[in-house]
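Residue strings, one per chain:
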Amino acid sequence: MFFTSDNASGAAPEIMAAVARANEGFARSYGADDIMVRVKAQIRQIFEAPEAAVYLVAVGTAANALALASHCQPWGAVFAHTDAHIAVDECGAPEFFTSGAKLVPVDGAHGKMTPETLAQTLGRIGESGVHGVQRGMISITNVTEAGTVYTAAEVAALTAVAKTHGLPCHMDGARFTNSLVTTNTSAADMTWAAGIDVLTFGGTKNGCLGVEAVVIFDPAKAWEFELRRKRGGHLFSKHRFLSAQMEAYLTDDLWLRLANHANAMGGRLARGIKALPDVHLRHPVQANMLFPEWAAGTHARLEAKGAAYYQMPAPEGREGARLVASWNTTEAEVDLLLDALKS
Ligand SMILES: Cc1ncc(COP(=O)(O)O)c(C=O)c1O
């Protein structure tokens, strides 16, 4: 009953086998490996973006921070949801890598900015001439930190607001594939066709060992990204091991199959929890993350039965939790947790 995070899971056997295969013999280093040539082709094909620049890093925080740095000036403001991972969980890496761009929080229920809250916040920032930060870019997380999902139309509505100010748009897609599966949307429709300029395309949480792609739809930004990745210490010398993971991830729809399973387990958990009295879900469950709230004393009971998950703040007399299903969570594990909650 391990529901702390989807990065608490191991790597899928297909990924491990690909890494072992890539270990044979010699390969060019620093991203010049033959596998990376194929990965670029795969991603350009999947995203229907023949011009896209594609880079790999091993960590989501680095992917986000480097993507932002390549698209925002140090005196710019990055507009993102109040709970965005870049704002609350990256130890200031976006500010550090951008040389000081300011993160400006945008409100919205269930982890989602709305065109209205974004427009209001954009209206407040950037009007004080040389004395204030300038509007820089926006960042949208999909799947959101609340486990909800933006549809492509909702993404397009947000980027339309950003584009009225000429701002580039980033998507933090640490769980990008889960959002595609939920909405049954193509990678192209969720990104460049909806106004996204640069995407962090997660692999790690969805069954890889440690790899994230940064997909830059405007190739004019590519060289700057390359320089920043090297300067920031995120250009892997034995890069073939990143490439091998991404190649296997995108082969035979593995990425979609793994996310489909994680979402299905999230859905099973949500259905079971909804049937319980006195348990309330704080946000709609649209992918693989759930935020239940239950009576005080439940944590101790679940822990005694061996359940692991993050505890969240809650009002007096209640307890909050974050439960995340992974690519390899089993139905039996979900049902065990539901039984533990019932008893
Ligand atoms: C929304 C989101 N973005 C990015 C990340 C990437 O994090 P890390 O730097 O741990 O790979 C995470 C991981 O928790 C996340 O949840």
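This one's a predicted model, so the numbers in the text were calculated from it and none came from an experiment.

1. Structural notes on unusual backbone geometry
Next up, step 1: In the segment running from N142 into V143, the intervening peptide bond is cis, with an omega of 0°.
Next up, step 2: Along the chain, the position of V143 falls in the loop between β4 (134–141) and α7 (152–164).
Next up, step 3: Look at E48: it is not a glycine, yet its phi comes out positive at around 50°.
Next up, step 4: Tracing the backbone shows E48 in the loop between α2 (34–46) and β1 (53–57).
Next up, step 5: By relative accessible area, which is 49% here, E48 ends up partly exposed.
Next up, step 6: One non-glycine residue, D253, lies in the positive phi region at around 60°.
Next up, step 7: Residue position: D253 is located in the loop between α11 (240–250) and α12 (254–274).

2. Points about the layout of surface pockets
Next up, step 1: A volume near 740 Å³ is recorded for the largest pocket.
Next up, step 2: Put simply, the parts of the chain that give the lining of the largest pocket at least two residues each are α3 (60–69), α4 (85–88), β5 (169–173), β6 (198–202) and β11 (310–312).
Next up, step 3: Sorting elements by how many residues they give to the lining of the largest pocket places α3 first, with three residues.
Next up, step 4: Of the residues belonging to the lining of the largest pocket, the class tally is 10 nonpolar, 18 polar and nine charged.
Next up, step 5: Approximately 200 Å³ is the volume attributed to the second largest pocket.
Next up, step 6: Forming the walls of the second largest pocket are L66, A69, F96, F97, S99, L227, R228, R231 and G232.
Next up, step 7: Mapped by element, the contributors of at least two residues to the lining of the second largest pocket are α3, α5 (93–97) and α10 (222–231).
Next up, step 8: The biggest single contributor to the lining of the second largest pocket is α10, with three residues.
Next up, step 9: Residue classes in the lining of the second largest pocket are distributed as five nonpolar, two polar and two charged.

3. Observations concerning the site of the ligand
Next up, step 1: The environment of the ligand is formed by V59, G60, T61, N64, H85, E90, T141, E145, D172, A174, R175 and K205.
Next up, step 2: Between an oxygen atom of the ligand and a main-chain N or O atom of G60, the distance comes to 2.9 Å.
Next up, step 3: For the ligand, an oxygen atom lies 3.3 Å from a polar atom in the side chain of H85.
Next up, step 4: Of all the cavities here, the one that holds the ligand is the largest pocket.
Next up, step 5: Tallying contributions element by element places α3 first for the shell around the ligand, with three residues.
Next up, step 6: Residue classes in the shell around the ligand are distributed as two nonpolar, five polar and five charged.

Calculation rules
Residues numbered from 1 in each chain as written. Predicted model: local features only at pLDDT ≥ 70, side-chain atom pairs only at ≥ 80, totals over all residues. Heavy atoms only, no water. Helix = DSSP H or I, 4+ residues; strand = E, 2+ residues; numbered from the N terminus. Buried < 20%, exposed > 50% of the residue type's maximum accessible area, 1.4 Å probe, protein only. 1 Å grid on protein atoms, 1.4 Å probe; cavity = no way out; pocket = protein on both sides within 12 Å on 5 of 7 lines; lining within 4 Å. Points joined across faces, edges and corners; volume = space filled by probe spheres on them. Nonpolar A, V, L, I, M, F, W, Y, C, P; charged D, E, K, R; others polar. Near = heavy atom within 4 Å. Polar contact = N/O pair within 3.5 Å; in protein donor to acceptor, adjacent residues only side chain to side chain. Sits in = over half its atoms within 2 Å of the grid points.

Geometry only, nothing functional implied.
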